[in-house]
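Remarks on the overall topology
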Amino acid sequence: MYSLSGKRVWVAGHRGMVGSAITRSLASEDCEIIVADRQKLDLTRQEDVQQFLLKEKPHAVVMAAAKVGGILANDTMPADFIYQNLVMEANVIEASFRNGVEKLLFLGSSCIYPKYASQPIREEALLTGSLEPTNEWYAVAKIAGVKLCQAYRKQYRADFISVMPTNLYGPRDNFDLVTSHVVPALIRKAHDAKIRNLDRLRIWGSGTPRREFLYSEDCADAVVFLLKHYSEAEHINIGFGSDITIIELARLVCDVVGFKGDIDLDTSKPDGTPRKLLSSKKLLSMGWRPKTSIEVGLAKSYEWFIRNVADNPR
Ligand code: GFB
């Protein structure tokens, strides 16, 4: 058990979907939250990260900062995804060690696993097969993050852990149609189709890939839980054990948004990995459970989209 009581906790990436949810979750803990805006601290600059940690002296660090995006962004910007993620995580992890951080939690992604990993995907599946080509660049960077944490633990006994969330969605997601993940993209497409009185919308790929969708606030809740209760070299999955097809997701989103038209498939776009369902046995056996059903999570995400994004240009 790592007590957060009276501790200074730095959330790197606090403006993002997951980082902001983690910051909200930590607000109910007896700890002081430290954040730094991108203008104030560029995580790709090693010396700046070192100086920030030297000055702020956090006891714990949550590394939620990352260059993230959906299938097309990953596939078309491989250099940005591998370089930025490698550099940011290396800087944060090394500087945390140098400055005596007691506990560090690194957030990865379920795309670290082999494309054809047997389902549900257990933690041991890491590095047992080839990666999905559309996101191997991001995956390699995230695998390096897991290995960095393990290396500092092995050589220096640092209490650095890694968590692998399944596909996430929620408030503060990226709703850009080109670079976003599937949930925000479908919310935007269904909303646009509804207000323009269109009779159809178009989704990417065959609609058959399966994904496990977890609401970002549930993920944040799991992150805080693991920060306090997990301390092992092996990374740990964050999911809940149930997946749906992309076409099923599209129908759910259309229901939430109130779009009643048809759904077309754009098969010129990639499907990505056919199935990505995590085994979250390890986490669930520790007593953690998510609170938000997909229907409620989608409704909250749509509400956030309406309030914050709907009228802004794409
Ligand atoms: O969410 P998504 O971009 O990421 O796509 P991945 C999931 C599935 O939804 C794919 C389909 O099969 C897409 O083809 N899809 C259907 C769409 N319509 C759309 C659409 O309008 N936009 C998008 N984006 N997808 C990402 C990785 O993989 O998962 C990242 O590339 C990261 O590295 C993330 O790991 C969690 O699940 O395929």
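The shown structure was predicted, so the numbers you read here are calculated from the model rather than taken from an experiment.

Calculation notes
Residues numbered from 1 in each chain as written. Predicted model: local features only at pLDDT ≥ 70, side-chain atom pairs only at ≥ 80, totals over all residues. Heavy atoms only, no water. Near = heavy atom within 4 Å. Polar contact = N/O pair within 3.5 Å; in protein donor to acceptor, adjacent residues only side chain to side chain. Areas by Shrake-Rupley, 256 points an atom, 1.4 Å probe, with all protein chains shown as cover. Helix = DSSP H or I, 4+ residues; strand = E, 2+ residues; numbered from the N terminus. Nonpolar A, V, L, I, M, F, W, Y, C, P; charged D, E, K, R; others polar. Domains from an automatic or database assignment. Contact = heavy atoms within 4.5 Å. UniProt positions renumbered as here; feature names shortened; annotations may be inferred. Buried < 20%, exposed > 50% of the residue type's maximum accessible area, 1.4 Å probe, protein only. Arc of directions from axis to C-beta.

**Here we look at the site of the ligand**
- Close contacts around the ligand come from 22 residues, with Ile71, Lys189, Arg211, Pro270 and Asp271 the closest.
- Taking Asn74, its side chain carries an N or O atom lying 3.1 Å from an oxygen atom of the ligand.
- Protein burial of the ligand: of its 700 Å² of free accessible surface, 97% is covered by the chains.
- Take the shell around the ligand: its biggest share by element is 3 residues, from helix α6 (residues 182-195).
- Residue composition of the shell around the ligand, by class: 10 nonpolar, 8 polar and 4 charged.
- A domain-level breakdown of the shell around the ligand finds at least three residues from each of domain 1 (7-171 + 212-242) and domain 2 (182-208 + 244-275 + 294-309).

**Some remarks on the side chain of Ser162**
- Mapped onto the elements, Ser162 comes out in strand β5 (residues 159-165).
- Setting aside its immediate chain neighbours within four residues, Ser162 contacts Phe106, Gly145, Val146, Cys149, His235 and Ile236.

**Focus on the UniProt feature "site: Important for catalytic activity" (unreviewed entry) in the chain**
- UniProt feature "site: Important for catalytic activity" (unreviewed entry): in the numbering of this structure it lies at Ser109 and Cys111.
- Mapped onto the fold, Ser109 is located in the loop between β4 (103-107) and α5 (136-156).
- The class for Ser109 is buried, based on a relative accessible area of 13%.
- If we skip the residues at most four places from it in the chain, Ser109 touches Tyr138, Met164 and Pro165.
- Along the chain, Cys111 turns up in the loop between β4 and α5.
- Overall, the relative accessible area of 6% leaves Cys111 in the buried class.
- Each residue touching Cys111, except ones within four places of it in the same chain, is listed here: Leu131, Asn135, Tyr138, Ala139 and Lys276.

**Digging into the UniProt feature "active site" (unreviewed entry) in the chain**
- Within this structure's numbering, the places UniProt gives as "active site" (unreviewed entry) are Tyr138.
- Note that Tyr138 resides in helix α5.
- With a relative accessible area of 9%, Tyr138 lands in the buried category.
- If we skip the residues at most four places from it in the chain, Tyr138 touches Lys67, Val68, Asn74, Phe81, Asn85, Ser109 and Cys111.

**With respect to helix α2 (residues 46-56)**
- Within α2, burial applies to Val49, Phe52, Leu53 and Glu56. One side of α2 carries all its buried residues, which in axial view fall inside an arc of 95°.
- Residues of α2 that are buried sit in contact with β1 (8-12), β2 (32-34), β3 (60-63) and α4 (78-98).
- Residue Lys57 follows α2 closely and has a positive phi angle near 45°.

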